[in-house]
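Residues per chain, in single letters:
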Amino acid sequence: MVSGAAVHPLLSFSYLRSVLSSGTRSILLLDGGTGEELFSCRHGVPYDDKIWSAAAVVNSRHHPALESVHASFLNVGALGCSTNTYGIVPGVGFTDGAERVRLISVAGSIT
């Protein structure tokens, strides 16, 4: 988790599992348009059409922006957020396996 913030209670695996197994919800709302939010003037992450929202994972100075975007989705009712790692793949230049694992680990710690 970046900057020592506590894990949002809605992000816990046990909470999501209980929602899914309860049968009381027919829809599990996840995050919204993370890339669009990151690249908006409110957050200032430079547009990257190669790795899209993974740009905020790759560059640590943008981690607070990603945390803010995720928090905004959770605050309006999302029950979870994606890790934004779909751009961290060999096809777009991430060929070092250890670096991919490191970045995916970083992404999982940003809440």
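Refer to the preceding data block for the structure.
Residues numbered from 1 in each chain as written. Predicted model: local features only at pLDDT ≥ 70, side-chain atom pairs only at ≥ 80, totals over all residues. Heavy atoms only, no water.

For the rest of this paragraph, the subject is helix α5 (residues 97–109). Helix length check: α5, at 13 residues, gives a terminal C-alpha distance of 19 Å against a target of 18 Å (1.5 Å per residue), a fit within 8%. For α5, the full list of buried residues reads L103, V106 and A107. Around the axis of α5, the buried residues are gathered within 100° of arc, so they sit on the same side. Of the exposed residues in α5, those oriented more than 90 degrees away from the buried face are A98, V101 and G108. Taken together, the buried residues of α5 touch α3 (55–58) and α4 (63–75). Its side-chain oxygen placed 2.9 Å from the backbone nitrogen of A98, D96 serves as the N-cap of α5. (Helix = DSSP H or I, 4+ residues; strand = E, 2+ residues; numbered from the N terminus. Expected span 1.5 Å × (residues − 1). Buried < 20%, exposed > 50% of the residue type's maximum accessible area, 1.4 Å probe, protein only. Arc of directions from axis to C-beta. Contact = heavy atoms within 4.5 Å. Polar contact = N/O pair within 3.5 Å; in protein donor to acceptor, adjacent residues only side chain to side chain.)

The biggest cluster of nonpolar side chains holds 21 residues, and the ones touching the most others in it are L38, V45, I51, V57, L66, I88 and F94. Where this core is concerned, the elements lending two or more residues are α2 (34–39), α3, α4 and α5. Examining the composition of this core, we find that five residues originate from one element, α4, more than from any other. Not counting the four nearest positions on each side in its chain, I51 is found in contact with V58, G87, V92 and F94. (Core = buried A, V, L, I, M, F, W, Y, C linked by side-chain atoms within 4.5 Å.)

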